[in-house]
Amino acid sequence: MAVVRLRYAHSDPIFHHVRFKVVPAGTGDAVMHLTSGRADLGFVPITHAAQHCGALTLVPRLAIYSVGEVISVRVFRGRGRGYAAVSETSVGYRAARLLLGVELSRVEDPYSALDLYGGVLVIGDEALRMVDRGFGHVYDIGELWEARTRIPLVYAVLVARRGVPNNVVERYVEEMENSIASFYDNPELVIASASARIGVSRELLERYYMRVKYFTNSAVMDAMRREAELLGLDTCLFTA
């Protein structure tokens, strides 16, 4: 059995201490590993998971979300006019479009886009690098979302392929939960590893990991359903 992990620092606490096979994926191809059968379980952006209600089931134990400022999903201040977003974002893109009431052009290079647009939405490790290097921002989408909606912003949900036995899912979820618990007991190992890999300060990652959340409860599950409604997603995965 293989488990999909998203290729960002936010996933490091989930997978740092696991022993099973991990399939790294970008935001765009994570769901394809599951629907194609290459993986049986994994984290997928909520936007993409919602499109595959018939093939996937929600595993309501873990998710990747924030309550308030998140740091890694920000609209950075540019020198032009209008707004743009990096192509890899889907959750941040939809949330920014809703919150700001604007359309965002798609760009590949956030740095050159700063010359063309007044604000550029950047996510993940690149956003952390830009924060670490002192780039100013206009909006933190996690912070703006919480202020406007009063609910957590869920970026990725844990899903399994339909037909995977519950006892198998349980075994792998428990190992991920233990990895997160180990991180909370001793965060320095993960922080040092992530800092070296993505090239940002440990101090920033300490701040960041205080904002990223993993364990869910009924309030987070309700937030998933509400978020799907607000972002115009199919809600069947979250109401089954």
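Structure: above.
So, here's what we can say about the structure.

Criteria and cut-off values
- Residues numbered from 1 in each chain as written.
- Predicted model: local features only at pLDDT ≥ 70, side-chain atom pairs only at ≥ 80, totals over all residues.
- Heavy atoms only, no water.
- Helix = DSSP H or I, 4+ residues; strand = E, 2+ residues; numbered from the N terminus.
- Rg over C-alpha atoms; globule rule 2.2 N^0.38 Å.
- Buried < 20%, exposed > 50% of the residue type's maximum accessible area, 1.4 Å probe, protein only.
- Contact = heavy atoms within 4.5 Å.
- Areas by Shrake-Rupley, 256 points an atom, 1.4 Å probe, with all protein chains shown as cover.
- Lys, Arg positive; Asp, Glu negative; His and termini not counted.
- Charge placed at Lys NZ, Arg CZ, Asp CG, Glu CD.
- Pairing = 2+ DSSP bridges.
- Axes fitted to C-alpha atoms, helices over the stretch in contact; angles between N-to-C directions.

### What to know about the overall build of the protein chain
Here's step 1: When helices and strands are tallied, the protein chain shows 12 helices and 11 strands.
Here's step 2: Expected size for 240 residues packed as a compact globule is a radius of gyration near 18 Å; at 17 Å, the protein chain falls within 12% of this value.
Here's step 3: With the C-alpha coordinates of the protein chain rotated into their principal frame, the extents come out at 55 × 40 × 30 Å.
Here's step 4: Burial statistics for the protein chain: of 240 residues in total, 55% are counted as buried.
Here's step 5: Of all intrachain contacts in the protein chain linking residues separated by at least 6 positions in sequence, the fraction that spans at least 24 positions is 74%.
Here's step 6: Summing over all exposed atoms, the protein chain offers an accessible surface of approximately 10300 Å²; the carbon and sulfur share of this is 47%.
Here's step 7: In the protein chain, the 27 positive side-chain charges and the 27 negative ones have mean positions that sit 3 Å from each other.

### Some words on the sheet that holds strand β6 (residues 83-86)
Here's step 1: Across the sheet, 5 strands lie side by side as β7-β6-β8-β5-β9; this open sheet has mixed pairing. Only two strands of the sheet have a single neighbouring strand rather than two, namely β7 (104-107) and β9 (137-140). Sheet twist, expressed as the average angle between the axes of neighbouring strands with direction ignored, equals 25 degrees.
Here's step 2: Taken together, the 4 bridges between β6 and β7 define a ladder with parallel strand orientation. Counterpart to Tyr83 in the pairing with β7 is Leu104.
Here's step 3: This element, helix α4 (residues 91-100), spans β5 (73-77), β6, β7, β8 (119-123) and β9 of the sheet and lies at about 155 degrees to β7.
Here's step 4: Packing against the sheet, helix α6 (residues 124-132) makes contact with β5 and β8, and its axis sits at approximately 120 degrees to β8.

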